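Summary of the model geometry
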Amino acid sequence: MTRNSSASLLIIGGAASSPRAPLPTLPPLALYIHIPWCVRKCPYCDFNSHTASPVLPEQEYVDALLADLDQDLHAVYGRELSSIFFGGGTPSLFSAEALGRLLEGVKQRIPFADDIEITLEANPGTFEQEKFVAYRKLGINRLSIGVQSFQQEKLKALGRIHNGDEAVRAAGMARQAGFDNFNLDLMHGLPDQSLDDALSDLRQAIELKPTHISWYQLTLEPNTVFWNQPPVLPEDDTLWDIQEAGQALLAEYGYAQYEVSAYAQPGRPARHNLNYWSFGDFIGIGAGAHGKLSHPDGRIVRTWKTRLPKDYLNPAKSFQAGEKALTNDEMPFEFLMNALRLTAGVESRLYPERTGLPLESLDEHRREAEQSGLLQVEPSRLAATERGQLFLNDLLQKFLS
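Residues numbered from 1 in each chain as written. Predicted model: local features only at pLDDT ≥ 70, side-chain atom pairs only at ≥ 80, totals over all residues. Heavy atoms only, no water.

1. So, helix 7 (residues 195–207)
In a regular helix each residue adds 1.5 Å, so 13 residues correspond to 18 Å; helix 7 covers 18 Å between its end C-alpha atoms and thus fits that length. Buried within helix 7 we find Ala-198, Leu-199, Asp-201, Leu-202, Ala-205 and Ile-206. Along the long axis of helix 7, the arc covered by the buried residues comes to 155°, so they all point the same way. Away from its buried face, by an angle of more than 90 degrees, helix 7 presents the exposed residues Asp-196 and Glu-207. Where helix 7 is buried, its residues contact strand 7 (142–148), strand 8 (182–188), strand 9 (212–217) and helix 9 (236–252). One or two positions beyond helix 7, positive phi appears at Lys-209, with a value near 55°. (Helix = DSSP H or I, 4+ residues; strand = E, 2+ residues; numbered from the N terminus. Expected span 1.5 Å × (residues − 1). Buried < 20%, exposed > 50% of the residue type's maximum accessible area, 1.4 Å probe, protein only. Arc of directions from axis to C-beta. Contact = heavy atoms within 4.5 Å.)

Quick look at the structure:
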């Protein structure tokens, strides 16, 4: 496949307001691979996902992904991958053969770290479960299973195509296939959900002994069916009760909250996501994928790829839809909107290491945030207080230029 890497390229963002220092070291590098197809689009989903045709263009899409990666290689020469994440969509719709060819192609282009984490998002449906053993043999060593709920009426309201029994079996089959590290995705604040309903789902998830639970509140996003036809969601008081009781239950069973909606057993946080939240680098390939790459001279560039699968697969169109070099004025917000999602925050030294800007440049806004009770008064760390975690948007606004 031949592509013109500059075709239809949109470049946004001006020069930095003043020169940045060269970065002393480049951050860890990850790879995000977007598979944009699902059996059916869920009414709450605002991700770049599209209803799959009976026959997926696996071979063509893998060819496109590798050609897309080729165009990013110049920016990561000499570096190795610390993690890979297959997101979607539903990546587990792809065959093990297709994913194996893709992983082999990636490894030929970029070295893998010895302890690389490779995560695949999967649905609990029986069709996908049958592939778990084959995925594990490819070197995929972490699954993220999209359960959302174990209760049939809630699954129906969410437009999910699996049932609760399949969700339970998926966790068992993941373990039998050799996955000793897997995540369960679970939602709360569902239509007509009570506190007991929410805790029942959470107890069922805990009983399956995943190493990681992503537990997040359903929100109504623009450009979704739920946005245009909103369901009846629990009252704010109920949502608060669910949040408090759920966090206590997770802590009781050893799941430590390390991010806004992420809970893990000791030593089992998602390394790929930790890299993202600590302002690490990641290449994004696939329809609609986003990336962020740092350069030794201090430039930090965000990129995004062509969104529609038909355009992404069209040799006449560019893979890359646009890019933006971050300016000095944007850097505090860009860094902190990720770092402050972590309950422990990050070490303060990470700010100059990852941005090329002096830590002192944050002082004025930092003092204001500390005086507001939103940021911890801790020179060696940048971390939100408990109140700051609850009002994260208010905290981040203090660092907007």
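Now, onward.
2. A look at empty space enclosed by the protein
Tallying each qualifying case throughout the model produces 1 cavity of 30 Å³ or more. The calculated volume of the largest cavity comes to roughly 30 Å³. If you go around the largest cavity, the residues you meet are Asp-72, Phe-282, Ile-283, Gly-284, Gly-291, Lys-292, Leu-293, Thr-303 and Gln-320. At the level of secondary structure, the elements contributing two or more residues to the lining of the largest cavity comprise strand 12 (281–285) and strand 13 (290–294). (1 Å grid on protein atoms, 1.4 Å probe; cavity = no way out; pocket = protein on both sides within 12 Å on 5 of 7 lines; lining within 4 Å. Points joined across faces, edges and corners; volume = space filled by probe spheres on them.)

3. Points about the packing of helix 1 (residues 58–72) against helix 2 (residues 96–109)
Orientation of helix 1 relative to helix 2, taken along the N-to-C sense of each, is 15°, at an axis distance of 10 Å. In terms of axis orientation, helix 1 runs roughly parallel to helix 2. Relative to helix 2, the crossing made by helix 1 is right-handed. Facing Glu-58, Gln-59, Val-62, Asp-63, Leu-65, Leu-66, Leu-69 and Asp-70 of helix 1, the residues of helix 2 in contact are Ala-98, Arg-101, Leu-102, Gly-105, Val-106 and Arg-109. Residues of the contact of helix 1 with helix 2, tallied by class, amount to 7 nonpolar, 2 polar and 5 charged. (Axes fitted to C-alpha atoms, helices over the stretch in contact; angles between N-to-C directions. Parallel < 35°, antiparallel > 145°, perpendicular 65-115°, else oblique. Left-handed = near helix turned anticlockwise from the far one by under 90°. Nonpolar A, V, L, I, M, F, W, Y, C, P; charged D, E, K, R; others polar.)

4. With respect to the pattern of salt bridges
Applying the stated criterion to the full structure yields 19 salt bridges. With a shortest N-O distance of 3.0 Å, Arg-101 and Asp-63 are connected by a salt bridge. Of this pair, Arg-101 sits in helix 2 while Asp-63 sits in helix 1, and the two are 38 residues apart along the sequence. What makes Arg-101 partly exposed here is its relative accessible area of 37%. (Salt bridge = Lys/Arg side-chain N within 4 Å of Asp/Glu carboxyl O.)

5. Notes on the side chain of Lys-305
Residue position: Lys-305 is located in strand 14 (residues 300–305). In this structure Lys-305 comes out as buried when scored by relative accessible area, which is 3%. Here the side chain of Lys-305 touches Asp-72 through a polar contact of 3.0 Å, side chain to side chain. Apart from residues no more than four positions distant in its own chain, Lys-305 is found in contact with Asp-68, Asp-72, Gly-284, Ile-285, Gly-286, Gly-288, Ala-289, Phe-319, Gln-320 and Ala-321. (Polar contact = N/O pair within 3.5 Å; in protein donor to acceptor, adjacent residues only side chain to side chain.)

6. A closer look at the environment of Leu-233
Within the secondary structure layout, Leu-233 lies in the loop between helix 8 (225–228) and helix 9. Taking the C-alpha atoms as reference, Leu-233 lies 6.5 Å from Gly-189; in sequence the two are 44 residues apart. When near neighbours in sequence (up to four residues on either side) are disregarded, Leu-233 contacts Gly-189, Leu-190, Pro-191, Leu-218 and Leu-220.

7. Topic: helix 2
Between its first and last C-alpha atoms helix 2 spans 20 Å; for 14 residues at 1.5 Å apiece the expected length is 20 Å, and the two agree. The elements touched by buried residues of helix 2 are strand 2 (29–35), helix 1, strand 5 (81–88), strand 6 (112–122) and helix 4 (132–137).

8. What about the confidence of the model for the protein chain?
With 95% of its residues at a pLDDT of 70 or more, the protein chain has an overall mean of 92. Contacts for the low-pLDDT stretch residues 4–18, under 50 throughout, to residues beyond four places or in other chains number 27 contacts. (pLDDT = per-residue confidence, 0-100.)

9. Focus on unusual backbone geometry
Cis rather than trans, the peptide bond between Gly-88 and Gly-89 has omega equal to 15°. Its place among the elements puts Gly-89 in the loop between strand 5 and helix 2. Here the phi dihedral of Gln-148 falls at roughly 70°; this positive angle occurs in a residue that is not glycine. Take Gln-148: its relative accessible area is 4%, and that puts it in the buried class. A positive phi is found at Lys-209, a non-glycine position, where the angle reads about 55°. Its location among the elements puts Lys-209 in the loop between helix 7 and strand 9.

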